[in-house]
Structure formats: C-alpha cells, structure tokens
Amino acid sequence: MAYTDRELLARLIQCEAGGEGEDGMRAVASVIVNRARVPYGEFFRVSQGGDVRSIMEQQGQFVCMRDSVNGRYNPQNVWNMDPEDIHYEIADWALAGNTLNAVGESLFFFNPYSEECPTYFPPGGIGVLFNRVNNHCFYTPTQKYATT
C-alpha cells in the first residue's frame, strides 16, 4: 500500500520516537524537515530541492523504513505502526515547515542507549553533537558534510 507523505511521516515519527514524548517526536520530525531544506550535500541531492518523501525513503537512513535488519525480520517498521492523533498532528506541523529549536539545524539523530552522546555522529565526523532531547542525541553538520 502506498502511503501519502503525511501518513508515512506519522508512521515514521511513531516508529522512530513514539516513546520519546511530544518534544522527542517533534525533534525527530525536525531532522527530516532539516534534511529536506539543507541547501548542500547528500540530503540536498536526495531531496531534489525539498522532497520530504525522498528523505524518508532514502535507503539506509531509518531503521523503521526497513522490513529486515541484518537478515532478520524487523517488527518495528512503519508498516506495523498504527499512528494516533498526536503522530498526525506532529506530521502536519513538520510538513508545514516547522522545526523544534532544541535541535537547531540538526541533520542526524542517534539513540546511544547510554547517558553519554558521542561527540560525532555518524562515524567519519560529518555531524557534531548539538543537543540531546530525551534519549536521542542530535547532530548538526560539520564542514565534512558539505563534501558528501
């Protein structure tokens, strides 16, 4: 079944950050919006000037967009989600171009499953720690990102 951008984003928000509270879900949605808006680098090429769906569907970016991980079925995927009103509200908010100030212009997020956020993510130094919102660490692009 092909989902609308709104439906897919609501499912992705629920899957990636459903247990992170409203700010956590808005933070993750903000990264998707930031990726669609960034005027250079990999995400600029992927979004082709602002296509949020291309960002969500970019291969290898969101575990929740995979039906398998390491050759095993991934039960926590967007196709198994059942979004509630809050997920649609945040999707609408993000699709209207809003972002959460707490994550600034972050293009990456990561749950380290620890109290400490690594200084750089992803590996290779293309994102530097900006802030933590609940369990997720958020990273803004470094100069290296521009060459991606």
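Residues numbered from 1 in each chain as written. Predicted model: local features only at pLDDT ≥ 70, side-chain atom pairs only at ≥ 80, totals over all residues. Heavy atoms only, no water.

Focus on the overall build of the protein
- Counting its secondary structure elements, the protein contains 5 helices and 5 strands.
- Listing every helix and strand of the protein by position from the N terminus yields α-α-α-α-β-β-α-β-β-β.
- Taken along its principal axes, the extent of the C-alpha atoms in the protein is 40 × 35 × 35 Å.
- Taken over 148 residues, the protein has a buried fraction of 48%.
- Excluding contacts between residues fewer than 6 apart, the proportion of contacts in the protein whose partners are at least 24 apart in sequence is 58%.
- For the protein, the computed accessible surface area is about 7800 Å², with 47% contributed by carbon and sulfur atoms.
- Across the protein, the centroid of the 11 positively charged side chains sits 7 Å from that of the 18 negatively charged ones. (Helix = DSSP H or I, 4+ residues; strand = E, 2+ residues; numbered from the N terminus. Buried < 20%, exposed > 50% of the residue type's maximum accessible area, 1.4 Å probe, protein only. Contact = heavy atoms within 4.5 Å. Areas by Shrake-Rupley, 256 points an atom, 1.4 Å probe, with all protein chains shown as cover. Lys, Arg positive; Asp, Glu negative; His and termini not counted. Charge placed at Lys NZ, Arg CZ, Asp CG, Glu CD.)

Thoughts on the packing of helix α1 (residues 5–17) against helix α2 (residues 21–37)
- It is the contact of α1 with α2, at a shortest axis distance of 9 Å, that shows an interaxial angle of 120°. Taken as axis vectors, α1 and α2 run oblique relative to one another. Handedness of the crossing formed by α1 with α2: right-handed. When α1 is examined against α2, the residues Leu9, Leu12, Ile13, Glu16 and Ala17 are found in contact with a partner set consisting of Gly21, Gly24, Met25, Val28, Ala29 and Ile32.
- The residue makeup of the contact of α1 with α2, split by class, is 8 nonpolar, 2 polar and 1 charged. (Axes fitted to C-alpha atoms, helices over the stretch in contact; angles between N-to-C directions. Parallel < 35°, antiparallel > 145°, perpendicular 65-115°, else oblique. Left-handed = near helix turned anticlockwise from the far one by under 90°. Nonpolar A, V, L, I, M, F, W, Y, C, P; charged D, E, K, R; others polar.)

Section: the confidence of the model for the protein
- Taken as a whole, the protein shows an average pLDDT of 95; of its residues, 99% reach a score of 70 or greater.
- Per-element confidence in the protein ranges from a low mean pLDDT of 90 for strand β1 (residues 68–69) to a high of 98 for helix α5 (residues 85–95). (pLDDT = per-residue confidence, 0-100.)

Section: the packing of aromatic side chains
- Tallied over the entire structure, the rule returns 8 aromatic pairs.
- With 5.8 Å between their ring centres and 55° between their planes, phenylalanine 43 and phenylalanine 108 make a pair best called tilted. Here the residue phenylalanine 43 occupies a position in helix α3 (residues 41–47), and phenylalanine 108 occupies one in strand β3 (residues 108–110), the gap between them amounting to 65 residues. Like phenylalanine 108, phenylalanine 43 is buried.
- Taken together, the ring pairs in this structure connect Tyr40, Phe43, Phe108 and Tyr145 into an aromatic cluster.
- One cation-aromatic arrangement involves arginine 26 over tryptophan 93; the distance from NZ or CZ to the ring centre is 4.6 Å. (Phe/Tyr/Trp six-rings, centres within 6.5 Å; stacked < 30°, edge-to-face > 60°. Lys NZ or Arg CZ within 6 Å of the ring centre and 35° of its normal.)

Re α5
- Along α5, the residues that are buried comprise His87, Tyr88, Ile90, Ala91, Trp93 and Ala94.
- Along its buried surface, α5 packs onto α1 and α2.

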